[in-house]
Amino acid sequence: MSTSSSEIRKQLSALPFWGALTAREQETMQSCAQIRSYAKDELIYSKEQECLGLIRVLSGSVRTFMLSAEGREVRLYRVDEKDTDVLSA
């Protein structure tokens with residue numbers, strides 16, 4: 001999905017700490033940021049993958065869970081619309 005740099009900047013500027021960043025830090029974040037869409041129940045990250053970085057949910061919600069040794073799912077937390085998952089960074 002191709003997203004304009006103005007849309008990315010708009011979403012980044014809504015972050016509560018955005019104004020505290022230097023211009024260089026803002027530019028770095030903007031150059032690395034992506035907006036992605038996922039289907040319901042699609043796995044977006046696992047420990048076998050490279051870190052995605054900071055995740056901000058624009059719409060919907062994301063549940064974070066791990067599997068026990070017995071294969072049971074343990075829900076850790078949920079990130080709702082307009083929330084930022086700082087633990088993902």
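Rules behind the numbers
Residues numbered from 1 in each chain as written. Predicted model: local features only at pLDDT ≥ 70, side-chain atom pairs only at ≥ 80, totals over all residues. Heavy atoms only, no water. Helix = DSSP H or I, 4+ residues; strand = E, 2+ residues; numbered from the N terminus. Buried < 20%, exposed > 50% of the residue type's maximum accessible area, 1.4 Å probe, protein only. Contact = heavy atoms within 4.5 Å. Areas by Shrake-Rupley, 256 points an atom, 1.4 Å probe, with all protein chains shown as cover. Lys, Arg positive; Asp, Glu negative; His and termini not counted. Charge placed at Lys NZ, Arg CZ, Asp CG, Glu CD. Salt bridge = Lys/Arg side-chain N within 4 Å of Asp/Glu carboxyl O. Pairing = 2+ DSSP bridges. Arc of directions from axis to C-beta. Core = buried A, V, L, I, M, F, W, Y, C linked by side-chain atoms within 4.5 Å. Patch = residues over 30% accessible without salt bridge, like charges linked within 9 Å, V, L, I, M, F, W, Y side chains within 5 Å.

J.: Mind laying out the overall build of the chain, listing which residues take part and the relevant values?
T.: Looking only at helices and strands, the chain has 2 helices and 4 strands in total. In terms of its C-alpha atoms, the chain occupies a principal-axis envelope of roughly 50 × 25 × 20 Å. By the burial criterion, 18% of the 89 residues in the chain qualify as buried. Considering only residue pairs separated by 6 or more positions, the chain has 40% of its internal contacts joining residues 24 or more positions apart. A total accessible area of about 7,000 Å² is found for the chain, and carbon and sulfur atoms account for 51% of it. Computing the positive centroid from 12 side-chain charges and the negative centroid from 13, the chain places the two 3 Å apart.

J.: Residue-level account of the pattern of salt bridges, with values.
T.: Scanning all chains against the criterion turns up 2 salt bridges. A salt bridge links glutamate 73 to arginine 63; the nearest nitrogen and oxygen atoms lie 2.4 Å apart. Taken as a pair, glutamate 73 in strand 3 (residues 73-80) and arginine 63 in strand 2 (residues 61-67) lie far apart in primary sequence, 10 residues in all. Residue arginine 63 is classed as partly exposed on the basis of its relative accessible area, which comes to 36%. One salt bridge in this structure joins arginine 78 and aspartate 80, with 3.4 Å as the shortest N-O distance. Taking the relative accessible area as the measure of exposure, aspartate 80 reaches 34% and is therefore partly exposed.

J.: Quick rundown of the pairing of strand 2? Include the residues and the values.
T.: Alignment of strand 2 against strand 3, held across 7 bridges, turns out to be antiparallel. Each residue of the ladder has a partner; that of arginine 63, found in strand 3, is arginine 78. If you look at the hairpin formed by strand 2 and strand 3, you'll find 5 residues sitting between the two strands, and glycine 71 has a positive phi there, around 90°.

J.: Run through helix 1 (residues 5-13), naming residues and quoting values.
T.: The set of residues buried in helix 1 consists of Ile8, Gln11 and Leu12. Seen along its axis, helix 1 keeps its buried residues to an arc of 100°; they face one direction. Residues Ser6 and Lys10 are exposed on helix 1 and point more than 90 degrees away from its buried face. Its buried side turned inward, helix 1 meets helix 2 (23-32) and strand 1 (55-56).

J.: Quick rundown of the nonpolar core? Include the residues and the values.
T.: Ranked by size, the top nonpolar core spans 5 residues in total: Ile8, Leu12, Leu15, Trp18 and Ile35. Setting aside chain neighbours within four positions, we find leucine 12 in contact with Trp18, Met29, Gln30 and Ala33.

J.: Residues and numbers for a nonpolar patch on the surface, please.
T.: Together, Phe17, Leu54, Val86 and Leu87 give the surface a local cluster of nonpolar side chains, amounting to about 360 Å² of exposed area. Phenylalanine 17 gets classed as partly exposed once you look at its relative accessible area, which sits at 31%.

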